[in-house]
Amino acid sequence: MKKVYFILGMFLFTSLFWCCEKEMMDYEGKDGVYFAVQQVPPSKYGDPERWAYTDTTLIPFSTILTDDSTVMLKVRVMGNIVNYDRYFTVKVVDSLTTAILREDYDEIPSQYIVKSGEREAFVPVTGHRQMKMLDSTYYVVLELEESKDFALPMDLWRKLEVDYTDKNVDVIRHVVGLTDEVFIPKAWTVNYFGSYSKKKMKLICEMYGLLITDFDNTRDMNMARQRVLAQGLDRYLKDMEAKGQTVYEDELDKGGN
């Protein structure tokens, strides 16, 4: 009797699943696009599809250590993948943009291609370090526009249980901030390295052949590795001091040191 119940139960479950699957609708309407820019967690663990969405991207020159930097803003298709190229358009919202074109950032083309067989493309935004960015952040505001190939069917990415987004995110507009204000990397332990500075960060990177982005990955740049790097830095600075070539910061701190 138990076997009969089991077989009957499996039959009912299969039938229900088949009915649900049969009734599930595909996306209808004109294909659309939206900004699908996500925040990479410090550990870089997890499924990238579940990383939190964001409507703001910073170019923090204080941690990048270069005078020019480019961010790639992902734009994703909502709808069908097709076997021909399609185009979407972007504009700079002048009334909300505080950065200066061709001084703070490069000109941003208005049209981009989603290639055949693809479901996403990228909008590059290149910013340039300026002295004024030491104290303030300057913004470039981008906005997607409807085109002959794509509509704008979704304006917000709403919080879902299956991802880590903690608020509703604007996916039609995206803000790029340009700043040289100090942002301490996620994998910077003050007890090992002392207070953060751009010169100290650059020196560590040069000594060990590292990139600043290595210090935003707390999985690989764990506490043990930070301690080893800090010990090597300490030895180097003491050796230079013993040679009469003490390494100083380029700028004085608030205490005049």
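What counts as what
- Residues numbered from 1 in each chain as written.
- Predicted model: local features only at pLDDT ≥ 70, side-chain atom pairs only at ≥ 80, totals over all residues.
- Heavy atoms only, no water.
- Pairing = 2+ DSSP bridges.
- Helix = DSSP H or I, 4+ residues; strand = E, 2+ residues; numbered from the N terminus.
- Phe/Tyr/Trp six-rings, centres within 6.5 Å; stacked < 30°, edge-to-face > 60°.
- Buried < 20%, exposed > 50% of the residue type's maximum accessible area, 1.4 Å probe, protein only.
- Contact = heavy atoms within 4.5 Å.
- 1 Å grid on protein atoms, 1.4 Å probe; cavity = no way out; pocket = protein on both sides within 12 Å on 5 of 7 lines; lining within 4 Å.
- Points joined across faces, edges and corners; volume = space filled by probe spheres on them.
- Axes fitted to C-alpha atoms, helices over the stretch in contact; angles between N-to-C directions.
- Expected span 1.5 Å × (residues − 1).
- Arc of directions from axis to C-beta.
- Polar contact = N/O pair within 3.5 Å; in protein donor to acceptor, adjacent residues only side chain to side chain.

Q: Before we go on, may I ask you to explain the pairing of strand β3 (residues 68-78) in this structure?
A: A regular strand carries its side chains on alternate faces of the sheet. Here four bridges tie strand β1 (residues 32-35) to β3, and the two strands are oriented antiparallel to one another. The residue bridging Y34 from the neighbouring strand is R76, located in β3. Where β3 and strand β6 (residues 120-128) come together, nine bridges link them in antiparallel fashion. Each residue of the ladder has a partner; that of K74, found in β6, is F122.

Q: Could you clarify how one ought to interpret the packing of aromatic side chains in this entry?
A: The description of an aromatic ring pair rests on the distance of the ring centres and on the angle between the ring planes. Going through the model one piece at a time under the given rule, you end up with five aromatic pairs. Here W188 and F193 contribute two aromatic rings whose centre-to-centre distance is 4.7 Å and whose plane-to-plane angle is 35°, an arrangement assigned as tilted. Its relative accessible area of 7% is what places W188 among the buried residues. What makes F193 buried here is its relative accessible area of 4%.

Q: What's the story with the side chain of S147 in this structure? I'm lost.
A: Secondary-structure assignment places S147 in the loop between β7 (138-145) and β8 (156-157). Once you skip the residues sitting within four places of it in the chain, S147 turns out to touch K30, Y87, F88 and T89.

Q: How should I be thinking about the layout of surface pockets in this particular structure?
A: Using a probe with the size of a water molecule, rolled over the atoms, empty space left in the structure can be pinpointed. Volume-wise, the largest pocket comes out at about 1200 Å³. Contributing to the lining of the largest pocket are 32 residues, with Q38, V40, T57, L58 and K186 lying nearest its centre. Going through the elements one at a time, β2 (56-60), α2 (61-64) and β3 are the ones with two or more residues in the lining of the largest pocket.

Q: Sorry if this is basic, but what is going on with the sheet that holds β6 here?
A: Across the sheet, which stays open at both edges, the three strands sit in the order β1-β3-β6 with antiparallel pairing between neighbours. Only two strands of the sheet have a single partner each, and these edge strands are β1 and β6. Neighbour-to-neighbour, the strand axes of this sheet turn through a mean angle of 30°, independent of strand direction.

Q: Help me out: how do you make sense of the side chain of Q226 in this one?
A: Assignment of secondary structure puts Q226 in helix α5 (residues 223-242). In this view, Q226 contacts A187, W188, T189, Y192, F193 and M221; residues no more than four positions away in its chain are not counted.

Q: What am I meant to see in α5 here?
A: Owing to its 3.6 residues per turn, the α-helix brings residues three or four apart onto one side. In this model α5 runs 29 Å from its N-terminal to its C-terminal C-alpha over 20 residues, within 8% of the 28 Å that 1.5 Å per residue would give. Among all positions of α5, only Q226, L229, A230, G232, L233 and M240 are buried. Angularly, the buried residues of α5 cover 165° about the axis, an arc narrow enough to put them on a single face. Along α5, the residues that are exposed and aim more than 90 degrees away from the buried face are V228, R235, K238 and A242. Buried residues along α5 sit against α3 (190-193) and α4 (198-208). You can read the cap of α5 off the contacts: a side-chain oxygen lies 3.3 Å from the backbone nitrogen of A224, and it is on N222. Taken from the residues just after α5, G244 is the one with a positive phi, measuring 80°.

Q: Would you mind showing me how to read the sheet that holds β7 here?
A: Backbone-to-backbone hydrogen bonds pair the strands of a sheet. The strands run either parallel or antiparallel. Taking strand neighbours across the sheet as the criterion, the five strands line up as β2-β10-β7-β4-β5 in an open arrangement whose pairing is mixed. Either end of the sheet is taken by a strand with one partner, and the two such strands are β2 and β5 (111-114). Strand-to-strand twist across the sheet, computed as the mean angle between neighbouring axes with direction ignored, equals 25°. Two elements, strand β4 (residues 86-92) and β5, share four bridges in a ladder whose sense is antiparallel. Of the residues in β5, the one forming a bridge with Y87 is I113.

Q: Got a minute to help me understand the environment of V77 in this structure?
A: Residue placement: V77 occurs in strand β3. According to the relative accessible area criterion, V77 is buried, its value standing at 9%. Distance from V77 to F35, taken between C-alpha atoms, is 9.1 Å for residues 42 residues apart in sequence. With residues near it in sequence (within four places) discarded, V77 still touches G32, V33, Y34, R86, V114, R119 and F150.

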